[in-house]
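Observations on the three-dimensional arrangement
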Amino acid sequence: LLIALAPAGFVVLAFMVCVSLITPRSVEAASYKMAFVDVPRAMAASDAAKQARNILKKKLAAKQREVSAMEARLKRMKADAEKRKGLTRADAVSEQESELRAKFREYQRLVEDNQAAIDRENGRWTKKITSALLKVIEEIGLEEGFTVIFGKGQVLFAAGTIDITDRVLARLNERTKKW
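All values reported here derive from a predicted model rather than from experimental measurement.

Another point: the packing of helix H4 (residues 90–143) against helix H5 (residues 165–175). Put simply, H4 and H5 touch, their axes get as near as 9 Å, and they point 125 degrees apart. Compared by their axis directions, H4 and H5 come out oblique. In this structure, H4 meets H5 at a crossing whose hand is right-handed. Touching Ala132, Leu133, Lys135, Val136, Ile137, Glu139, Ile140 and Glu143 of H4 are Arg167, Val168, Arg171, Leu172 and Arg175, all from H5.

Given below as structure tokens:
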């Protein structure tokens, strides 16, 4: 009896093995839960980013006042040197020009140092906010059972229903209120 059913039984057995191999994968594939986050929007719209922008704006304004004051001194020095050019000796004019060049180099260093300080501060805030944002995304992913969460920049198409940016942004704002 087994020999007579062997070809048909083999086909049925092979089919059942294939179905058992495919079905778990199909069920597994159907259970994927995906979402995406518009990271640039979340970063820009977060309360932490707004606070950072205000802090950086104040620091930049203070540094700009310092630069403007030095710039005004340079202009006065240059104007004074121009006025005295015909009235003073050649060696005194050369000394004034040398001092003016030194002050100009000092001014350039101040501008560069201030820009570097602002860039460092901006980088520090960006790193801090990015770290908090990624932690929030991970938490929401785990809490809500997402299999994968993409950044919007890597998504070619997504239904609006899987965009969790607003939830991420709300939690990020809640978490970073006291920054």
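There's plenty left to go through after this.
Before going further, it helps to examine the nonpolar core. Membership of the largest hydrophobic core comes to 18 residues, with the highest contact counts inside it found for Ile129, Leu133, Ile140, Ile164 and Val168. For this core, the secondary structure elements donating two or more residues are strand S1 (34–37), helix H2 (39–45), helix H3 (47–84), H4 and H5. In terms of residue count, the dominant contributor to this core is H4 (seven residues). For Ile140, the contacting residues outside a window of four places in its chain are Gly145, Phe146, Ile164, Arg167, Val168 and Arg171. Among the nonpolar cores identified, the runner-up in size contains six residues, and Met70, Leu100, Tyr107 and Leu110 belong to it.

Our next topic: the packing of aromatic side chains. The geometry of two aromatic rings is summed up by the distance between their centres and the angle between their planes. Under the defined criterion, the tally for this structure stands at two aromatic pairs. Relative to Trp179, the ring of Trp125 lies with its centre 6.3 Å away and its plane at 55 degrees, an arrangement referred to as tilted. One end of the pair, Trp125, is in helix H4; the other, Trp179, is in the segment after H5, and 54 residues separate them in sequence. Given a relative accessible area of 6%, Trp125 falls into the buried group.

Cut-offs and rules
Residues numbered from 1 in each chain as written. Predicted model: local features only at pLDDT ≥ 70, side-chain atom pairs only at ≥ 80, totals over all residues. Heavy atoms only, no water. Axes fitted to C-alpha atoms, helices over the stretch in contact; angles between N-to-C directions. Helix = DSSP H or I, 4+ residues; strand = E, 2+ residues; numbered from the N terminus. Parallel < 35°, antiparallel > 145°, perpendicular 65-115°, else oblique. Left-handed = near helix turned anticlockwise from the far one by under 90°. Contact = heavy atoms within 4.5 Å. Core = buried A, V, L, I, M, F, W, Y, C linked by side-chain atoms within 4.5 Å. Buried < 20%, exposed > 50% of the residue type's maximum accessible area, 1.4 Å probe, protein only. Phe/Tyr/Trp six-rings, centres within 6.5 Å; stacked < 30°, edge-to-face > 60°.

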